[in-house]
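Now for the letters of each chain:
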Amino acid sequence: EPEVTQTPSHQVTQMGQEVILRCVPISNHLYFYWYRQILGQKVEFLVSFYNNEISEKSEIFDDQFSVERPDGSNFTLKIRSTKLEDSAMYFCASSDRTGVADTQYFGPGTRLTVL
Amino acid sequence: LAKTTQPISMDSYEGQEVNITCSHNNIATNDYITWYQQFPSQGPRFIIQGYKTKVTNEVASLFIPADRKSSTLSLPRVSLSDTAVYYCLVPMMNTGFQKLVFGTGTRLLVSP
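Residues numbered from 1 in each chain as written. Chains lettered and ligands numbered in written order. Predicted model: local features only at pLDDT ≥ 70, side-chain atom pairs only at ≥ 80, totals over all residues. Heavy atoms only, no water.

(A) A look at the state of the cysteines. Tallying each qualifying case throughout the model produces two disulfides over all chains. The disulfide bridge from Cys23 of chain A ends at Cys92 of chain A, spanning 1.9 Å between sulfur atoms. Disulfide Cys23 of chain A-Cys92 of chain A: the torsion about the S-S bond is -60°, which places it as left-handed. With Cys23 of chain A in strand β3 (residues 19–24) and Cys92 of chain A in strand β9 (residues 88–95), this residue pair connects regions lying 69 residues apart in the sequence. Here the two residues Cys23 of chain A and Cys92 of chain A agree in accessibility, since each one is buried. Covalently, Cys22 of chain B is tied to Cys88 of chain B through a disulfide, its sulfur atoms 2.0 Å apart. Taking the torsion about the S-S bond as the criterion, the Cys22 of chain B to Cys88 of chain B disulfide, at about 50°, is right-handed. (Disulfide = S-S within 2.5 Å. Helix = DSSP H or I, 4+ residues; strand = E, 2+ residues; numbered from the N terminus. Buried < 20%, exposed > 50% of the residue type's maximum accessible area, 1.4 Å probe, protein only.)

Right under this line is the structure:
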């Protein structure tokens, strides 16, 4: 069964550093998403991406965040200057969005720890 | 403000039916409601999706009333391995923009 993969599984960084989280969506999917989950809290939507541009974003997704699909398989989330409060699990998801239904399949996540 | 609320936790025993409700006060009119299961340190896993009335698959049923301001996930006969956190994911209208909002999550504990 095809699945979404994410690398690395755990990233430790110093405050102020840039990090890039990588995702490989399911190959025939066209819609891509990033979510985050702070420890013990619910999953929060960050951004959705379609046709090489952002289609929706939340208020969390401010100027320090950016997303990119640099090639035909990868989908990345960049955090420009990390803050302590960026420590969380970051999940990538993808969907093929047949009709109106949007069944998203999630990756295993990247745990980001900012020191 | 777009909000989705769920009970924080539920307890059940093996073999029982469990119903978890999600309330969504400002749902977008033309998109589906989806439920996910999440185990510790894993990504959410798709369970079921629906737009209106009732949907059933091999693992669950989903009930959505006509006003779509709530949805109820029904797990027919839970087992110990169903112990997890369950989230609804709902498209919400907020200040003119549609965004995806996860519910607050319900921690289900199934005991023998």
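Additional details are given in the paragraphs that follow.
(B) Highlighting the interface of chain B and chain A. If you look at the interface, chain B gives 22 residues, while chain A gives 20 residues. Taken over both partners, the interface formed by chain B and chain A buries close to 1700 Å², and the fraction arising from carbon and sulfur atoms is 53%. Taken as a group, Lys99, Leu100 and Phe102 of chain B account for 30% of the area that chain B buries against chain A, more than any other trio of residues on that side. Taken together, the elements giving at least two residues each to the side of chain B that touches chain A come down to β4 (33–38), β5 (45–50), β9 (84–94) and β10 (97–102) of chain B. Here the element with the most residues in the side of chain B that touches chain A is β10 of chain B; it accounts for five residues. For the side of chain B that touches chain A, a count of residues per class yields nine nonpolar, 11 polar and two charged. (Contact = heavy atoms within 4.5 Å. Buried area = accessible area lost by both parts, 1.4 Å probe. Nonpolar A, V, L, I, M, F, W, Y, C, P; charged D, E, K, R; others polar.)

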